[in-house]
Amino acid sequence: MASPAAGGVLLDPVRALQHTLYRAAKADPGRRFHALWDKVLRGDVLWRAWVAVRWNNGAPGIDMTTLAAVEEYGVTRLLSELATELREGRYRPLPARRVYIPKPGAPAGERRPLSIPAVRGRIVQAACEIVLEPVFEADFLPCSFGFRPRRSAHDALQVLTNEAFRGRRWVVETDIASCFEAIPKELKQAKTRIVHLRVGDQGLGFLGFHHRLVRSRGYRGKRTVEFLARWPSDKAMQRARDRIRELTARSRLLLPVGWVVDDLNRFLRGWGGYFRYGHSTILFAKISNYARERLAIFIGKRHKRGRGFGWSVVAYLSPDRCGLISLTGTVIAPRAGKPWREKPHADGERRR
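The following paragraphs examine the structure supplied in this document. (Residues numbered from 1 in each chain as written. Predicted model: local features only at pLDDT ≥ 70, side-chain atom pairs only at ≥ 80, totals over all residues. Heavy atoms only, no water.)

## Brief notes about the sheet that holds strand E7 (residues 204-206)
Step number 1: The 3 strands are arranged E7-E8-E9 in an open sheet whose pairing can be described as antiparallel. At either margin of the open sheet sits one strand with a lone partner, and together these are E7 and strand E9 (226-232). Recorded for the sheet is a direction-independent mean angle of 40° between the axes of neighbouring strands.
Step number 2: Two strands pair when backbone bridges link them, and E7 and strand E8 (residues 209-215) are joined in this way by 3 bridges, in the antiparallel orientation. (Pairing = 2+ DSSP bridges. Helix = DSSP H or I, 4+ residues; strand = E, 2+ residues; numbered from the N terminus. Axes fitted to C-alpha atoms, helices over the stretch in contact; angles between N-to-C directions.)

## What about the environment of Thr-328?
Step number 1: With respect to the helices, strands and loops of the structure, Thr-328 is situated in the segment after helix H11 (307-317).
Step number 2: On the basis of relative accessibility, which here comes to 58%, the residue Thr-328 falls in the exposed class.
Step number 3: Between the C-alpha atoms of Thr-328 and Lys-286, which are 42 residues apart in sequence, the distance is 9.7 Å.
Step number 4: One polar contact links Thr-328 to Ser-326, side chain to side chain, over a distance of 3.2 Å. (Buried < 20%, exposed > 50% of the residue type's maximum accessible area, 1.4 Å probe, protein only. Polar contact = N/O pair within 3.5 Å; in protein donor to acceptor, adjacent residues only side chain to side chain.)

## Points about the packing of helix H1 (residues 13-27) against helix H6 (residues 119-137)
Step number 1: Relative to each other, H1 and H6 sit at 30°, their axes nearing to 7 Å. Taken together, H1 and H6 sit at an angle that is classed as roughly parallel. As for how H1 packs across H6, the hand of that crossing is right-handed. For the pair formed by H1 and H6, the contact residues are Val-14, Gln-18, Leu-21, Tyr-22 and Ala-25 on the first element and Ile-130, Val-131, Glu-133, Pro-134, Val-135 and Glu-137 on the second.
Step number 2: Looking at side-chain class alone, the contact of H1 with H6 contains 8 nonpolar, 1 polar and 2 charged residues. (Parallel < 35°, antiparallel > 145°, perpendicular 65-115°, else oblique. Left-handed = near helix turned anticlockwise from the far one by under 90°. Contact = heavy atoms within 4.5 Å. Nonpolar A, V, L, I, M, F, W, Y, C, P; charged D, E, K, R; others polar.)

## Focus: H6
Step number 1: Taking 1.5 Å of rise per residue, 19 residues should cover 27 Å, and H6 covers 26 Å from first to last C-alpha, within 8% of that figure.
Step number 2: Where H6 bends most, the angle comes to about 35°, and this point is Val-131, followed within four residues by the proline Pro-134.
Step number 3: Of the residues making up H6, those classed as buried are Val-119, Gly-121, Arg-122, Ile-123, Val-124, Ala-126, Ala-127, Ile-130, Val-131, Pro-134, Val-135 and Glu-137. (Expected span 1.5 Å × (residues − 1). Bend = angle between axes of the 7 residues up to and from the residue.)

## So, the side chain of Ser-288
Step number 1: By secondary structure assignment, the location of Ser-288 is in helix H10 (residues 281-302).
Step number 2: Setting aside residues up to four positions removed in sequence, Ser-288 forms contacts with Ser-326, Leu-327 and Thr-328.

Below is the structure:
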């Protein structure tokens with residue numbers, strides 16, 4: 001939880017605070033922390049909280065105060081006022097603004113509630129998280145991956161690959177109904193089942209991937225092996241096509257082609273950056289081809305010409321497909337016992 005030390009001194013005081021809290025909680029699991037409020041009020045903690053809120057770039061809350069308005073007002077001024085209100089016990093959070101957003105994979109009309117706090121409330125929440133996270137992090141089990149620092153969905157996916165390689169074949173696939181809305185936690189029957197991983201069976205879905213036990217072909221006399229393959233699920237593929245279609249819709253015909261290509265590239269990099277860690281070569285080629293096709297249709301319509309004209313521009317007249325990137329050659333196949341990403345993360349450590 002701490003920054004690298006130089007000469008025995010931790011460079012980042014906020015991370016040094018987190019490091020101290022984590023070590024204290026880890027050394028004594030039964031310890032109760034009774035003096036954390038003064039840590040939340042620290043100027044460096046509140047500033048770090050603001051940086052996190054600004055980086056997230058969220059929508060305004062019920063008071064409609066934007067991040068740009070806070071910067072115009074003065075970030076230091078706002079944080080000083082917040083610290084004073086918190087210290088004197090005068091701070092009261094505003095009600096959250098409730099909106100409903102489409103729920104991916106859900107039946108038509110089903111939406112997910114989303115609460116948007118005001119900017120001041122988000123800063124206080126982020127400051128509390130900075131102080132409380134290391135205390136609770138010390139008690140989490142190694143098998144827990146959700147919403148934890150330095151852990152990601154790919155770490156959980158790697159565990160599934162490793163366990164399948166060890167011969168584990170039974171999987172309990174489930175979801176929690178209304179996870180953030182109800183106590184005790186009801187399991188969602190429609191998404192609960194027991195799966196037996198066998199070659200030739202349908203497999204299961206997990207974290208946007210479809211997982212299926214397959215047998216290698218055994219090229220050049222090598223023995224065949226069973227392994228758990230994964231690739232983007234049908235829903236993930238459909239959402240990718242839907243997004244590409246939105247970015248090349250008729251309503252955007254007045255935009256310059258370069259802008260549309262930039263939007264497509266931004267989406268393809270993000271989508272491909274997540275799904276590249278799998279056996280996704282064929283499906284990546286399909287998404288790349290679909291993006292080129294949609295771009296060709298867009299260019300044809302923009303110039304009031306047919307699809308053939310658009311294809312000629314993308315495939316022949318432009319040396320780099322109008323700048324559109326390709327996902328071909330970016331796939332990294334997961335291997336049991338091998339870190340899913342070899343590059344070290346920001347603290348210089350390698351992914352577990």
